[in-house]
Amino acid sequence: MLQQAWKTELQDLIRGISGGFLFGIPLMYTMEVWWIGSYTKPPLMLSVLAVTFLVLFLLNQTDGFRKNNSQSFIQIVTDSVEALALGIISAAAILILLQEVTTETPLDETLGKIIFEAVPFSIGVALARTLISGGGEDSEEEQPQLTGSERKKQRYHATLADIGATAIGALFIAFNIAPTDEIPILASATSAPWLIAVILSSLLISYGIVFVADFTTQQKRLQQEGMFQQPIVETVMSYVISLALAAFMLWFFHRLSLTDPWPMWLRHTILLGLPATVGGAAGRIAI
Amino acid sequence: MNKSKSFGSRAKNAIPAEWITFAIALLIVLSMIGLVLYTGLTQDKQPPVLEVVRSETKETKGQFYVPFKVTNTGGETAESVQVIGELRLNGEIEESGEQQIDFLSGGESQEGAFIFTRNPQNGEIVLRVASYKLP
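Residues numbered from 1 in each chain as written. Chains lettered and ligands numbered in written order. Predicted model: local features only at pLDDT ≥ 70, side-chain atom pairs only at ≥ 80, totals over all residues. Heavy atoms only, no water.

1. Topic: the packing of helix H9 (residues 192-213) of chain A against helix H12 (residues 262-286) of chain A
Residue and element names in this part refer to chain A.
Then, number 1: Where H9 meets H12, the closest approach of the two axes is 9 Å, and the angle between their N-to-C directions is 5°. Comparing the axis directions of H9 and H12 gives the class roughly parallel. Along its contact with H9, which presents Leu195, Val198, Ile199, Ser202, Ile205, Ser206, Ile209 and Val210, the element H12 presents Arg267, Ile270, Leu271, Leu274, Thr277, Val278, Ala281, Ala282, Arg284 and Ile285.
Then, number 2: Residue composition of the contact of H9 with H12, by class: 13 nonpolar, 3 polar and 2 charged. (Axes fitted to C-alpha atoms, helices over the stretch in contact; angles between N-to-C directions. Helix = DSSP H or I, 4+ residues; strand = E, 2+ residues; numbered from the N terminus. Parallel < 35°, antiparallel > 145°, perpendicular 65-115°, else oblique. Contact = heavy atoms within 4.5 Å. Nonpolar A, V, L, I, M, F, W, Y, C, P; charged D, E, K, R; others polar.)

Take a look at the structure:
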């Protein structure tokens, strides 16, 4: 009983964080937001927090990140506080991951960056149910007895659909980021251990969005017949697709050329791979 | 009436999980507000004070690298900090370089290097912060 409560709670929180990533990642790769955070004065930071809380309160009236939403006043207030906290934690984690906040960053700059980046993240948390609701038309769950060749065909189709959805989602989010200056700036500050951390986080976030946060199409996904059937296989495969697309987009926008050294390709691709994977995950739950 | 009832029945089922996460969330938000207040109260209203320090010159492939570190020891953030490095031989400026640093908030420091083609050992290197603007 207690365990069940915690499981639901954890799922709700992960759904919230996933929504936050979908909404917040594009602004995380916007250096102007880091700068605004760098020179904002503390009184303004407090008002930003207050205004964000108000927005979250309004959003939580109709939306939210919990599966079972009671519309009581206290529930809305507590959900708003939680959305803000989830936003702050996710924003801080990604800022640290991208080396925008390090041990050398002064406290006021750190706070400013985290607070400004937390705004889109927490709004995403409050919109999580809508953002991560899947197609919703999962009623045609017939699963008839298929002959061998039909089954093979269906499996092929499901795999193709997953690949397509990942690619569309990845393009949708990463296309906005690929031509900008943020990727080279982030790439210049990063190092091998941090890149590994970025890879692991990309996989974790993608897994969280598709297999924990999504509640409408989850059952359907687990029954699906695609080659991607295994959650971990699907996560890794879609990460590979996202990376390939990230590399292609960087080349397409002349951010990388074929004569550039391979470590540069690697760094840039991994850094753009994070938003691409988040987009790819969103794409897969939309089908 | 209705509100408190629905809330009560919810809480009965899920007191631990929901309220523990809420407590943690509240703690995070409050500590964020606390930290902002702390920086607001302790922050210097002093204008930026910029200092540039150079370290050991290194010679690589016939060029002389003079690393520097610029620190803002004042309170407020300085924007577009312009660092100028000059190499003087016999009192005359032979080579000069310029570097701009986007943001330098109170207590922050940034590093970089000037590159000269002539040996600074024979002359004098002058590093200075020429200008900045307030954001």
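Still more ground to cover, so stick around.
2. Side note on the nonpolar core
Then, number 1: If you look at the biggest cluster of nonpolar residues, it comprises 79 residues, and the most contacted ones within it are Met28, Tyr29, Ile88, Ile94, Leu271, Leu272 and Leu274 of chain A.
Then, number 2: No other element matches helix H4 (residues 73-97) of chain A, which puts 11 residues into this core.
Then, number 3: When neighbours within four sequence positions are excluded, leucine 274 of chain A is seen to be in contact with Ile25, Tyr29, Ile94, Leu97, Val198, Ser202 and Ile205 of chain A.
Then, number 4: With 14 residues, the next largest nonpolar core counts Leu50, Leu87, Ile101 and Leu104 of chain B among its residues. (Core = buried A, V, L, I, M, F, W, Y, C linked by side-chain atoms within 4.5 Å. Buried < 20%, exposed > 50% of the residue type's maximum accessible area, 1.4 Å probe, protein only.)

3. Observations concerning the confidence of the model for chain B
All names here are of chain B.
Then, number 1: Scored by pLDDT, chain B has a mean of 82; 88% of the residues are at 70 or more.
Then, number 2: Taken element by element, chain B is modelled with least confidence in helix H1 (residues 2-42), mean pLDDT 73, and with most confidence in strand S3 (residues 63-72), mean pLDDT 91.
Then, number 3: Here residues 1-12 is a poorly scored stretch, pLDDT under 50, and it has 12 contacts once near neighbours within four places are set aside; other chains count.
Then, number 4: Across the interface, the model reports ipTM at 0.78; the global pTM reads 0.80. (pLDDT = per-residue confidence, 0-100.)

4. Some points on a nonpolar patch on the surface
Then, number 1: On the surface, a cluster of nonpolar side chains totalling about 610 Å² of accessible area is made up of Leu171, Phe175, Phe248, Trp251, Phe252 and Leu258 of chain A.
Then, number 2: For the nonpolar patch, the element with the most residues is helix H11 (residues 231-252) of chain A, which contributes 3 residues. (Patch = residues over 30% accessible without salt bridge, like charges linked within 9 Å, V, L, I, M, F, W, Y side chains within 5 Å. Areas by Shrake-Rupley, 256 points an atom, 1.4 Å probe, with all protein chains shown as cover. Salt bridge = Lys/Arg side-chain N within 4 Å of Asp/Glu carboxyl O.)

5. Digging into the pattern of salt bridges
Oppositely charged side chains can form a pair if their charged atoms are brought close together.
Then, number 1: Scanning the entire structure with this criterion turns up 13 salt bridges over all chains.
Then, number 2: Arginine 15 of chain A is paired through a salt bridge with aspartate 12 of chain A; the nearest N and O atoms lie 2.9 Å apart. Residue arginine 15 of chain A and its partner aspartate 12 of chain A are both found in helix H1 (residues 2-28); the two are separated by 3 residues, about one turn of the helix. Each of the two residues, arginine 15 of chain A as well as aspartate 12 of chain A, counts as buried.
Then, number 3: Between lysine 133 of chain B and glutamate 79 of chain B there is a salt bridge, with its nearest N and O atoms 4.0 Å apart. Of this pair, lysine 133 of chain B sits in strand S7 (residues 124-133) while glutamate 79 of chain B sits in strand S4 (residues 78-89), and the two are 54 residues apart along the sequence.

6. Some details on unusual backbone geometry
Then, number 1: Even without being a glycine, glutamine 99 of chain A presents a positive backbone phi close to 65°.
Then, number 2: Along the chain, the position of glutamine 99 of chain A falls in the loop between H4 and helix H5 (107-126).
Then, number 3: The exposure class assigned to glutamine 99 of chain A is buried, which follows from its relative accessible area of 18%.
Then, number 4: Unlike most non-glycine residues, serine 80 of chain B shows phi in positive territory, near 50°.
Then, number 5: Mapped onto the fold, serine 80 of chain B is located in strand S4.

7. Thoughts on the sheet that holds S7 of chain B
All names here are of chain B.
Then, number 1: Taken in spatial order, the 3 strands of this open sheet run S5-S4-S7, and their pairing is antiparallel. Both edges of this open sheet fall to strand S5 (92-104) and S7, since each of them pairs with a single strand only. Direction aside, neighbouring strands of the sheet carry axes that sit 20° apart on average.
Then, number 2: In terms of strand pairing, S4 meets S7 through 8 bridges, oriented antiparallel. Each residue of the ladder has a partner; that of valine 83, found in S7, is valine 129. (Pairing = 2+ DSSP bridges.)

8. Quick look at the packing of aromatic side chains
Residues and elements named next belong to chain A.
Then, number 1: According to the stated counting rule, one finds 12 aromatic pairs over all chains in the structure shown.
Then, number 2: With a centroid separation of 5.4 Å and an interplanar angle of 80°, the aromatic rings of phenylalanine 21 and phenylalanine 121 are classed as edge-to-face. Here phenylalanine 21, found in helix H1, pairs with phenylalanine 121, found in helix H5; they are 100 residues apart in sequence, far enough to count as distant.
Then, number 3: You can call phenylalanine 121 buried: its relative accessible area is 0%.
Then, number 4: Summarising the aromatic geometry, the rings of tyrosine 207 and phenylalanine 211 are spaced 5.4 Å apart at their centres and angled 35° between planes, so their arrangement reads as tilted. Taken together, the residues span about one helical turn, with tyrosine 207 and phenylalanine 211 both in helix H9 at a distance of 4 residues. (Phe/Tyr/Trp six-rings, centres within 6.5 Å; stacked < 30°, edge-to-face > 60°.)

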